[in-house]
Amino acid sequence: MGTSSTRTTPIVDPWEAWIGEVASRLARAAAEVGVPLGETAAAEQLEFSSAEGADLALPVHRLAAAAKEPPEALAARLAAAFPPGEPVLQARAEGAYVNVTLDPGELVATILSLVLGRGGEYGRAEAAGEPVCIEHTSSNPTGPLHVGRVRNAIVGDTLSRAARAAGGRVTTQYYVDDMGRQAAMVTWLWQQPREAWPEPVRASVEGQERPGEKVDHYRGRPYPALSAYLKEHRETAEAVAEFVRLIESGAAPAAHRALAGEILDAMLASLARLGIRFDEFVWESDLLKDGSVEKVLERLRAAPHALQEENGAWAIDAESYGLPKDSTHVVFQRGNGVSLYVTRDVAYHLLKFSRFGRVVDVLGQDHQLHARTLDALLAEIGEGRRPSYVFYQDIHAPGGGRMSTRGGSAVWLDDLLDEAFSRARAEVLKRRDDLSAEEVDRIAEAVASGAVRFHIVRVAPDKPVRFRWEDALSFEGRSGPFVQYAYARASSVLRKGEADSPPYPFDAKLLTDPEELALVRLLSRWPRTVAYAARSGHVHTLAGYAHDLADRFNRFYHALPVLTSGPSRESRIALVAAVRQTLANSLDLLGIVALPTM
RNA sequence: GGGCGCGUAGCCUAGUCUGGAUAGGGCACCGGGUUCCUAACCCGGCGGUCGAGGGUUCAAAUCCCUCCGCGCCCGCCA
């Protein structure tokens, strides 16, 4: 718990003051009983208590060992010497722990006032500090997004939202790679009449087109067959290679970028269904046009470990940068004078550094070595800054193995969303007959999107995931719709209570049930959760929090009446309003639509 | 071979950074709950050698070492 003092972004976290106060009193108690424990050390050793009804706990093992005293005895002495008074209700020894319980009235009053007072800002900090760039997704504009790629988008978008909430001045960027071989292949093919396509490629798309389908599916469909065909046919491969050289020389036909843009727009439309949008797009080919790639080439050629090979290619001997053996020879300019992807990525990062104080890249784990190589090249040209990386592991295909467009094992994001939508629609119709068709569709789309986002973000990014349809389409248990449902339920209570908007007067002394206090304690943890997700990149903790809060609320809902609870009615309404608000705030960071009714 | 990551009940997963009190959830399965604020819900039950072994420590899922298994990367591709 020692991070509070080093935090620079002031999220309003009630625990900061409480931990400070409890630590201060523990230090006084320690002095009283004659053991060495400073306030700072106490704050660092304090943890959230797992004992029923307690808030903070201090394990005394370490102190006891130093004092050569049985831990239980020391805990008892410390608890007895703990200075009483607000906001602490009591300090009691349990085993080797001193458990501190805050006055529930103080806890409830502070938290409810904070949540209801700040509303949508609860858990958010004032935007401050240096500007941050978060680059994510950056999928090649060559065809539809599959579920594996969308993990990048969901992790990246969630991280962006969290970083923004934590006070970052965030700009999101999508790096459009229009200079790669893949994009070249797609344009090369579509530039020719269908009759001129290699027979197997034509056959692979025949009869596959669906009326009204998105252009990323339509334009991307021949890619796998073309890719396979090129492996076997040298002449065609050479024709494509020729086109690649044209693009690399900066003389790509206008149709190339137009087609890439057309496909990209279709991909972005799918991401928009998930609530994912980008602030800026940086086209790789623009880095070539504006001369920044050439500048990087010059700097690299003049770098300390640069060397030229017989055929004219240039490389950096990066052994001194700790790259794995067999990977220390980094070619940055081909024999034909053309730059490589990593070289252009250096140019891209210099551009980012020129505008942003902090640069974050969300990358698949297969880019780990690329990232280290990029770092080495930045060092070679004397650039002191580095991006920070957030890596995520693959989502494997249902049958196992990587999702591959070429191998045909990819599950398209669009198909997943469509299937989720149709199932969600059936669920809505099952329980509602009072909604217009438009309302049903709107709810179903939000549920589908929420289910997909939650399903992917809920797992720690560094864990590999095997995609399974039945799991991805689950609307129960630990799922997006579960959280959305709790929000809708809270909204319904407030609607029925004609309390859909503030003010929410309450009397903290009336909220004393364990269910109520557990809810308030959970509410109090939201700001810390946001701060942690933003600084660690562990965005899955946001999903965990949202689920836990929804779960707690469901228990409260079943255990205690709200609207028919007599004198405590108004106070419980305020509690429900605070829960609804915090559910909304957490759903917002997860990019999931909060539905007032479903 | 080298580098990086992962290994927690039948399946999925939190906790590992920062070592602490009986390892939290979910799915599936079994048994209950709706004249009452939305049952996409709740309550109870079943289910764990935290991959294996060693070490550090008062204390290890967590830190260190060795090994095993799985994935990815190691291109003048991106």
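Residues numbered from 1 in each chain as written. Chains lettered and ligands numbered in written order. Predicted model: local features only at pLDDT ≥ 70, side-chain atom pairs only at ≥ 80, totals over all residues. Heavy atoms only, no water.

A.B. asks: Tell me about the pattern of salt bridges, residues and numbers included.
C.D. replies: Scanning the entire structure with this criterion turns up 42 salt bridges. Of the charged contacts, one joins R161 and D157 as a salt bridge, the two residues approaching to 2.7 Å between their closest N and O atoms. Remark: D157 and R161 occur in helix α6 (residues 147–165); sequence separation between them is 4 residues, near one turn of the helix. Across the pair R569 and E570 runs a salt bridge, and its minimum N-O distance is 3.4 Å. Several salt bridges converge on common partners, so that one network encompasses R124, D157, R161, R453 and D588. (Salt bridge = Lys/Arg side-chain N within 4 Å of Asp/Glu carboxyl O. Helix = DSSP H or I, 4+ residues; strand = E, 2+ residues; numbered from the N terminus.)

A.B. asks: Explain the protein's contact with RNA strand B to me, and be specific about the residues and the numbers.
C.D. replies: The environment of RNA strand B is formed by 75 residues, the closest being Y97, D177, R431, Y485 and S492. Those atoms of RNA strand B that come within 4 Å of the protein belong to sugar or phosphate at a rate of 67%. One nitrogen or oxygen atom from the side chain of N99 is found 2.8 Å from a base nitrogen belonging to RNA strand B. With 8 residues, helix α20 (residues 480–496) is the largest single contributor of residues to the surface near RNA strand B. In the surface near RNA strand B, the residues fall into 28 nonpolar, 21 polar and 26 charged. (Near = heavy atom within 4 Å. Polar contact = N/O pair within 3.5 Å; in protein donor to acceptor, adjacent residues only side chain to side chain. Nonpolar A, V, L, I, M, F, W, Y, C, P; charged D, E, K, R; others polar.)

A.B. asks: Give a description of the side chain of N585 that names residues and reports values.
C.D. replies: Inspection of the secondary structure puts N585 in helix α24 (residues 569–590). With residues up to four places along the chain from it excluded, the contact list for N585 reads G119, G120, Y122 and W526. (Contact = heavy atoms within 4.5 Å.)

A.B. asks: I'd like to hear about the environment of F82, residue by residue, with values.
C.D. replies: Within the fold, F82 resides in the loop between α4 (71–81) and β3 (88–94). F82 sits in the buried class, given a relative accessible area of 6%. In the structure, F82 is positioned 110 residues away from Q192 in sequence and 83 Å away in space, judged by C-alpha atoms. Beyond its immediate sequence surroundings of up to four residues, F82 is in contact with V22, R25, L26, A29, V88, A91 and V100. (Buried < 20%, exposed > 50% of the residue type's maximum accessible area, 1.4 Å probe, protein only.)

A.B. asks: Describe the packing of aromatic side chains, naming the residues involved and giving the relevant values.
C.D. replies: Counted according to the given criterion, the structure contains 13 aromatic pairs. When the centroid spacing of 5.0 Å and the interplanar angle of 90 degrees are considered together, the rings of W15 and F48 count as edge-to-face. Residue W15 is found in helix α1 (residues 14–33), and its partner F48 is found in strand β1 (residues 47–48); the two are separated by 33 residues along the sequence. W15 sits in the buried class, given a relative accessible area of 1%. Consider the rings of Y174 and F278, whose centres lie 5.1 Å apart with planes at 85 degrees: the pair is edge-to-face. Taken as a pair, Y174 in strand β6 (residues 169–176) and F278 in the loop between α12 (254–273) and β7 (280–283) lie far apart in primary sequence, 104 residues in all. Side by side, Y174 and F278 carry an identical accessibility label, which is buried. (Phe/Tyr/Trp six-rings, centres within 6.5 Å; stacked < 30°, edge-to-face > 60°.)

Geometric descriptors of this kind do not, in isolation, establish any biological role.
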